Every structure is written in C-alpha cells, then in structure tokens.
Amino acid sequence: MVKLIGAILVIVSGTLFGFYQAAQFANRPKQIRAFILALQRLETEILYGFTPLADALAKIGQQLTDPLRSIFSEAARRLTDQRSSVTAQESWQLAVEEQWKHTAMKQSEKNIIYQFGFTLGTSDRNDQIKHIRLAINQLQHEETAAQHEQGRYEKMCRSLGLLAGALIVILIY
Amino acid sequence: MNIDVGAIFQIAGIGIIIAMIHTVLKQMGKEDMAHWVTVIGFVVVLFMVVRLLNDLFQEIKTIFLFQ
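These numbers were taken from a predicted model, which means no experiment stands behind them. (Residues numbered from 1 in each chain as written. Chains lettered and ligands numbered in written order. Predicted model: local features only at pLDDT ≥ 70, side-chain atom pairs only at ≥ 80, totals over all residues. Heavy atoms only, no water.)

When you look at the pattern of salt bridges in this model, what are you seeing that I'm missing?
Between side chains of opposite charge, a pair can form when the charged atoms approach closely. Residue and element names in this part refer to chain A. In this structure the tally under the stated criterion is five salt bridges over all chains. Between Glu142 and Arg28 there is a salt bridge, with the nearest N and O atoms lying 3.9 Å from each other. Of this pair, Glu142 sits in helix H6 (residues 125–172) while Arg28 sits in helix H1 (residues 2–49), and the two are 114 residues apart along the sequence. Given a relative accessible area of 18%, Glu142 falls into the buried group. Of the residues examined, Arg28 reaches a relative accessible area of 5% and is grouped as buried. (Salt bridge = Lys/Arg side-chain N within 4 Å of Asp/Glu carboxyl O. Helix = DSSP H or I, 4+ residues; strand = E, 2+ residues; numbered from the N terminus. Buried < 20%, exposed > 50% of the residue type's maximum accessible area, 1.4 Å probe, protein only.)

Here is the structure:
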C-alpha cells in the first residue's frame, strides 16, 4: 500500500515537472513580447512625455504583469533611493540580476537587456531612442527563435515528464 | 522457485518506456539524446540480467558440486 502511494507520488511529480518545463517554454515568447511592448512604452515616455527615467520606469512597471513588473519597479525603486547613490545603469542591471530568476527568459535575452542597461540614462534623447530601437530589434529576433523552440519542445517536455516518472517507478519497484 | 515473474515484467516495462522515450525524442529531432537513452536503458537491463544469471549459476553450483 505504501509502495503504491510512493509510486503514484513519483509519477505525479514527474508529470508536474514536465508540465512546468513546458510552461517555461510557453511563457518565454510571451514575456519577450511583453518586454518589447514595455520598451516601446519607455520610448514613448522618453520621446514625447519627457518623463524622468525613474518615473517612467515606475509608470511602466505598474502597467505590466508580475515577472516583468518587478524588474521595472525594482529599477525605479533603486533609482529613487536617496540613501544609495547609484547610476541608472547600475540600478537597471542590479534589478535585472535580482529579478531574472523569476522569469522564463534565457541567457540571450538577458544579455540584450543587460547591454541595454549600459546606455540607459547616459546620453540625449535621440541616442536613447536609437539604443531602445536596437534592443527591441534584437528582442524580436529572440522572440521568433523562442517561438520555434516552443513549437518543438513544449509537447516533448510534457510526455517526457510522465515517461520519466513511469521509468523511475518501474526501476525501483 | 524463488525468482518471481516480477523481474520479467519489470524488464518488459523498462523496454516499453525506453522505446516510448526514444520515439518522443526522435520525433522532436533530438536523435543523439534518444540514442543515449536507449544505451542507458540497455545497460540497466543488462545489470538486472547479470544479477539473475549470477543467481542461476549459484544454483547450478549448489546442485552439481555438493560443496
């Protein structure tokens, strides 16, 4: 009886792990798309709104959903923090470092966004816009690649989780 | 007979599951990984068979050699 319960637990956890991996593959393009939209909004804020960077980041963060929201809000919070004197680059990169593990995105997107941080808040508006456009372009490439990967690996992860659970149960039964 | 039929079913089950994993991986274009899974499954089954054969030889020894 205990053996049976253990077997069911192993199979269920294997299946859930597979579904979690599949969800990561499904969430990655969505989050990249949301990040592109957020950067476009930042472009608008800089070009037409003349909003200070901290206010712009906080405003954009409020409009987003959770894993991306915390990146923008964290960057805005660090930038407005009176006690520590960090630059826009440092606050952006620290926020990305800290919140990245909650997102489904991978290293290549992280590099793009990290690189984008180097130019944040250092030059005039036209140059900022150029760098935002560059980052958006690169992220769009990543998005199509992520969509391809989703189509290939999402179903595989689901069935593979269940099969791995069943294999472990048979091996140690 | 102290070896029950369970071992045979276990080996059969491993074979079926490994075949399914191989098919899934091959369909998604990860042929190298599929072959590794097959090889690992084969080694695991081989270990189980070796253990059973060891039991068989011990049995034969005790029958014919009268230690």
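Looking at this structure, how should I read H1 of chain A?
In an α-helix, one full turn covers 3.6 residues, which means residues spaced three or four apart are oriented alike. When the local axis directions of H1 of chain A are compared, the greatest deviation, roughly 30°, occurs at Asn27 of chain A, which is followed within four positions by the proline Pro29 of chain A. One or two steps after H1 of chain A, the chain reaches Phe50 of chain A, where phi turns positive at roughly 50°. (Bend = angle between axes of the 7 residues up to and from the residue.)

Just checking my understanding: could you explain the nonpolar core for this structure?
One recurring pattern in soluble globular proteins is that nonpolar side chains are buried together. Residue and element names in this part refer to chain A. Ranked by internal contacts, the top residues of the largest apolar core, which has 33 residues, are Phe35, Leu39, Leu42, Leu57, Phe72, Trp92 and Phe116. Mapped by element, the contributors of at least two residues to this core are H1, helix H2 (53–63), helix H3 (66–80), helix H4 (88–99), helix H5 (107–118) and H6. Ranked by the residues each element gives to this core, the list is headed by H1, at seven residues. Trp92 has contacts with Phe35, Leu57, Phe72, Ala75, Ile113, Phe116, Gly117 and Leu120, leaving out every residue within four places of it along the chain. (Core = buried A, V, L, I, M, F, W, Y, C linked by side-chain atoms within 4.5 Å. Contact = heavy atoms within 4.5 Å.)

What am I meant to see in the environment of Arg41 of chain A here?
Residue and element names in this part refer to chain A. With respect to the helices and strands, the residue Arg41 is situated in helix H1. A residue is classified by how much of its surface remains accessible, and Arg41, at 30% relative accessible area, is partly exposed. Sequence separation between Arg41 and Lys59 is 18 residues, and the spatial gap between their C-alpha atoms is 9.7 Å. Setting aside residues up to four positions removed in sequence, Arg41 forms contacts with Ile60, Gln63 and Leu64.

Function cannot be read off these values alone, since they describe shape.
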